[in-house]
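# Coordinate inspection notes
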Amino acid sequence: MRCLLYAHVFLCCLSVAHSFCPSQCTCVFHGRSDGTGSRSVLCNDPDMSDIPVNVPVDTVKLRVEKTAVRRIPTEAFYYLVDLRYLWITYNSISSVDTGSFYNLKVLHELRLDGNLISMFPWESLKEMPRLRTLDLHNNRLTNVPIEAIPYLLNITYLDLSSNKLTTLPSDLMDIWPPFNGMPISSNASQKVVLGLQDNPWFCDCRISKLIELSKMAETPVVLMDLFLSCSAPENLASVLFQRAELDQCVKPSVMTSATKITSPLGSNVLLRCDATGHPTPTLVWAKSDGSPVNNTVQESPGDGIRWSIMSLHGILNKDAGDYSCKAKNVAGNAEATISLSVASTISTTIPPLRPNVETGAATPATTLSPSTSTPNTPSVVSTVLPRASTTQSTISVKRKTTPSDGLQRASVKPAKIQQGSNGRKLAADEKSKKNDASKSVKDLKIVEETSDSAVLLWTADGILSDAPLTVVYSRYGEDDIKRTVETNAGSGKVLLEGLASGLRYSVCLVAKGSPAGKDPCIDFYTLDVVDDDGQNQLFMIISGIACAVALPLIALLLYKILALYCKGSSTPLDEEELEKDSYVKFETISMKQRTLTHPTELWARRQTHESERMLLCSRSSIDSQMTYKSDSCRSEYLC
């Protein structure tokens with residue numbers, strides 16, 4: 001009786017909880033004739049500032065519209081496990097937490113349009129595995145990160161219109177047909193609706209797939225507005241997607257050197273692929289089982305071209321399989337596959353050996369595995385094909401001296417008989433092939449070395465002229481960075497380019513089927529580049545100084561020459577002047593006869609005639625003398 005009372009009280013409380021509705025919301029129960037139904041809640045009070053937390057737990061549809069709510073907190077709806085439609089539209093929401101939609105496992109439709117959201121937590125979509133409709137139009141989104149792509153795989157209605165998007169990840173369109181490789185279906189239920197209008201799109205290669213989609217007539221991806229237009233760059237402003245022509249957007253194209261390769265166990269293998277496209281694609285190697293691939297080298301010799309080489313050293317059986325070379329750029333992707341097979345073992349069945357018999361292989365090519373289970377289980381001898389030439393075609397067993405020597409010898413003998421002619425034939429064939437491969441090319445030499453190139457010459461012997469050869473070269477000691485050149489045996493030479501000056505290089509010529517470690521190789525040095533800049537600069541400085549010193553001297557010399565020339569031409573005039581000014585007039589003094597009138601005057605002056613003038617020579621000295629004789633006396637004059 002007490003249990004029935006408790007059950008009645010519990011049902012009453014539960015009915016009250018189900019029927020309780022928030023004060024600022026309106027709750028409506030949509031019942032059916034069978035007694036079942038669904039509940040919807042509408043909250044549109046302008047004064048509401050927070051998401052209501054006391055919404056009935058059986059609510060299927062919740063609408064929060066035209067309120068003052070600014071934020072959706074963490075786990076705001078975790079108790080609404082039956083919620084299928086969540087509309088939070090035309091509010092003031094600017095912040096959405098990563099865990100806001102926790103535990104909404106059956107949510108089918110999420111609408112957040114008409115808000116102020118600039119950053120949407122795309123990883124929160126993993127809490128809603130059944131979500132098919134996502135409406136984010138009329139917000140402030142500026143980008144869709146590439147990390148959001150995995151969470152949009154199941155979305156069939158995505159509205160990003162009226163935001164601030166300028167571009168989209170080039171991989172976004174790859175999740176929908178026809179870019180994902182799936183066949184195009186005419187089933188309307190498989191259509192994907194995209195709303196991308198009213199965004200300032202920058203039309204370049206990153207959205208080339210979207211532009212290509214807008215030009216398709218039949219496609220499972222439906223655009224809400226077909227008249228999307230470009231906002232940038234300037235030459236495409238206001239141009240419709242359907243009329244936009246993008247330059248330099250080319251999908252990658254991949255080519256491989258071979259599609260199938262068979263190589264012996266322990267040999268070295270080089271796999272190469274080349275890709276073209278614009279922008280220049282990136283290359284990634286991957287194995288079919290998903291295991292990582294190392295030892296790869298790639299280079300882009302020019303715009304829109306890239307090649308990559310993957311090297312496998314000493315291959316084992318586990319290295320066999322398919323290797324894919326994947327090329328990718330913003331305009332698309334492509335891939336090519338190379339299948340690698342390893343030629344490894346020959347299996348021969350022999351009778352079982354006793355557990356106490358110790359055997360060992362006489363050569364590294366033979367492995368003897370004794371039975372460790374039941375005596376009736378046969379043993380298997382695994383014979384690895386040798387990599388070097390050999391003359392032994394049968395299995396020899398190195399034995400220890402034991403009491404069971406006779407039994408051991410008898411056990412090994414059938415193995416020799418069973419291997420017989422097949423083993424000898426295979427070993428002989430392998431020997432012949434490898435001897436031919438080792439003799440295929442010889443006489444390697446380097447000619448015409450320059451600072452950045454060299455010419456490799458060789459002689460083909462016993463090999464077809466069109467047989468493919470691979471020239472592998474690298475800096476000496478730097479085996480991790482190698483370059484290759486594909487050629488044929490008949491050419492006899494190849495140009496090695498892209499070398500650095502003054503360095504030592506190693507170059508090997510690899511023929512298909514040649515044994516590992518037996519490839520002919522040669523080392524050489526490139527020429528040094530003499531740096532004449534310093535010498536030229538020094539020469540110019542010295543020349544400048546010499547010119548600065550020599551020019552004044554030359555000018556002075558010319559001046560002296562001109563001066564002497566002018567002086568020589570003016571000599572007659574100087575002589576005339578000298579003649580005019582070099583003569584002086586002398587007065588002579590003679591003795592007077594004493595008279596009574598002038599008893600004291602002893603000397604009398606006498607005027608000379610013009611002819612009596614004395615020439616004053618510039619070379620006269622105080623020692624030169626001149627005399628003049630009068631009629632009555634002798635006078636002396638000193639110059």
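Conventions used here
For every chain, the first residue of the written sequence is number 1, and numbering continues from 1 onward in sequence order. This being a predicted model, a pLDDT of at least 70 is required before a residue's local features are given, and a value of 80 or more before pairs of side-chain atoms are given or counted; all residues contribute to the totals for chains, interfaces and linings. Processing note: side-chain calculations cover all non-hydrogen atoms of the structure and skip hydrogens and water entirely. A run of H or I in DSSP counts as a helix once it spans at least four residues, and a run of E counts as a strand once it spans at least two, with each numbered from the N terminus. Contacts between residues were defined by any pair of non-hydrogen atoms, one from each residue, lying within 4.5 Å. Residue-level accessible areas treat just the shown protein chains as cover; the underlying method is Shrake-Rupley with a 1.4 Å probe. One bridge is not enough; two strands pair if DSSP finds at least two bridges between them. To obtain an axis, a line is fitted to C-alpha atoms, over the contacting stretch when the element is a helix, and the angle between two such axes runs from 0 to 180 degrees between their N-to-C directions. One side-chain nitrogen of Lys or Arg within 4 Å of one carboxyl oxygen of Asp or Glu is enough to make a salt bridge. Exposure classes here rest on a 1.4 Å probe applied to the protein chains alone. A residue is buried below 20% of its type maximum, exposed above 50%, and partly exposed in between. Only residues whose relative accessible area exceeds 30% and that form no salt bridge enter a patch; like-charged residues are grouped when within 9 Å of one another, and nonpolar side chains (Val, Leu, Ile, Met, Phe, Trp, Tyr) when within 5 Å. Throughout, disulfides are identified as pairs of cysteine sulfur atoms within 2.5 Å of each other. In these notes, a set of buried Ala, Val, Leu, Ile, Met, Phe, Trp, Tyr and Cys residues joined through side-chain atoms within 4.5 Å is what counts as a nonpolar core.

## With respect to the overall build of the chain
In terms of regular secondary structure, the chain is built from five helices and 39 strands. By sequence separation, contacts in the chain at least 24 residues apart represent 58% of the contacts at least 6 residues apart. When the accessible surface of the chain is totalled, it reaches about 38,800 Å², and 54% of it is carbon and sulfur.

## Concerning the sheet that holds strand β14 (residues 250-256)
Read across the sheet, four strands follow the order β14-β16-β19-β18 without closing on themselves; strand pairing throughout is antiparallel. Strands with a single pairing partner mark the edges of an open sheet, and in this sheet they are β14 and β18 (296-302). Geometrically, the sheet is characterised by an average inter-axis angle of 20 degrees between neighbouring strands, direction not taken into account. Examined bridge by bridge, strand β16 (residues 269-278) and strand β19 (residues 305-312) share eight bridges and lie antiparallel to one another. Along β19, the bridge assignment pairs R272 with I309.

## Quick word on the side chain of H137
Tracing the backbone through its elements, the reader meets H137 in the loop between β8 (133-135) and β9 (157-159). Apart from residues lying up to four places away in sequence, H137 is in contact with Y90, D113, G114, D159, S161 and N163.

## A word on unusual backbone geometry
Cis geometry is adopted by the peptide bond preceding P233, which originates at A232 and carries an omega value of 0 degrees. With respect to the element layout, P233 can be found in the loop between β13 (230-232) and β14. Cis geometry is found at the peptide bond from H278 to P279, where omega equals 0 degrees. Counting through the fold element by element, P279 comes out in the loop between β16 and β17 (282-287).

## Topic: the pattern of salt bridges
In the structure shown here, the tally under the stated rule is 14 salt bridges. A salt bridge links R206 to D204, with the nearest nitrogen and oxygen atoms 2.9 Å apart. Since its relative accessible area comes to 39%, R206 is described here as partly exposed. D204 gets classed as buried once you look at its relative accessible area, which sits at 18%.

## Examining a nonpolar patch on the surface
Residues L551, I554, L557, L558 and I561 make up a contiguous nonpolar surface patch of roughly 500 Å² in combined accessible area. Relative to the helices and strands, L557 is located in helix α4 (residues 533-569).

## As for the state of the cysteines
Applying the stated rule across the entire model yields six disulfides. A sulfur-sulfur distance of 1.8 Å marks the disulfide that ties C273 to C325. Here the residue C273 occupies a position in strand β16, and C325 occupies one in strand β20 (residues 321-329), the gap between them amounting to 52 residues. Given a relative accessible area of 0%, C325 falls into the buried group. Numbered by position along the chain, the disulfide-linked cysteines of the chain connect as 1-3, 2-4, 5-7, 6-8, 9-10, 11-12.

## Focus on the nonpolar core
Core analysis: the largest hydrophobic core is formed by 63 residues, its most contacted members being L62, F77, L86, F101, F120, W122 and L134. Every element with two or more residues in this core is listed here: β2 (37-43), β3 (59-65), β5 (85-89), β10 (192-195), α2 (208-214) and β12 (221-223). Tallying contributions element by element places α2 first for this core, with three residues. Each residue touching F101, except ones within four places of it in the same chain, is listed here: F77, L86, V96, L110, L112, F120, S124, E127 and M128. Of all hydrophobic cores here, the second largest spans 20 residues; its members include V254, L271, I315 and L340.

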